[in-house]
Amino acid sequence: MSIGIKPLGARVVIKKLDAEEKTQGGLLLSGNAKEKPQQAEVLAVGPGTKDEPMELKVGDIVVFSKYGGNDLKYKGNDYTIISQKDILAVVE
């Protein structure tokens, strides 16, 4: 599935996963109480560089740095373009 955005170098396009609606105890959270999601799905990957080969693949669920990346609205959808170095982990 192509989203129409091709990242360059060691960058990836991610779509943030929705924030939790409830606490573990079952309380509903208001819009202001929800934390910004720090997990996302990788939708597109760049080719990497000689110094930083691409380690991620499309479909990976990742944890990323809270302030990393640039938000982008494209064809009515919200995406983030982020450097691979700002990806902290892959969720297995």
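Predicted model only: the values in this text are computed from it and were never measured.

> Account for the pairing of strand β2 (residues 39–45), naming residues and giving values.
Looking at chain direction, strand β1 (residues 11–16) and β2 are connected through five bridges and run antiparallel. Paired with Ile14 across the strands is Val42, a residue of β2. As defined by bridge partners, β2 adjoins strand β3 (residues 61–64) across three bridges and the pair is classed as antiparallel. Within β3, the position partnered with Gln39 by the bridge is Val63.

> Describe the side chain of Gln84, listing the residues and the values that go with them.
Structurally, Gln84 can be placed in the loop between β5 (77–83) and β6 (87–91). For Gln84, a relative accessible area of 7% gives the class buried. At a separation of 2.6 Å, a polar atom in the side chain of Gln84 contacts the main-chain amide nitrogen of Glu55. If sequence neighbours within four positions are ignored, Gln84 has contacts with Ala10, Arg11, Glu52, Pro53, Met54, Glu55 and Leu56.

Calculation criteria
- Residues numbered from 1 in each chain as written.
- Predicted model: local features only at pLDDT ≥ 70, side-chain atom pairs only at ≥ 80, totals over all residues.
- Heavy atoms only, no water.
- Pairing = 2+ DSSP bridges.
- Helix = DSSP H or I, 4+ residues; strand = E, 2+ residues; numbered from the N terminus.
- Buried < 20%, exposed > 50% of the residue type's maximum accessible area, 1.4 Å probe, protein only.
- Polar contact = N/O pair within 3.5 Å; in protein donor to acceptor, adjacent residues only side chain to side chain.
- Contact = heavy atoms within 4.5 Å.

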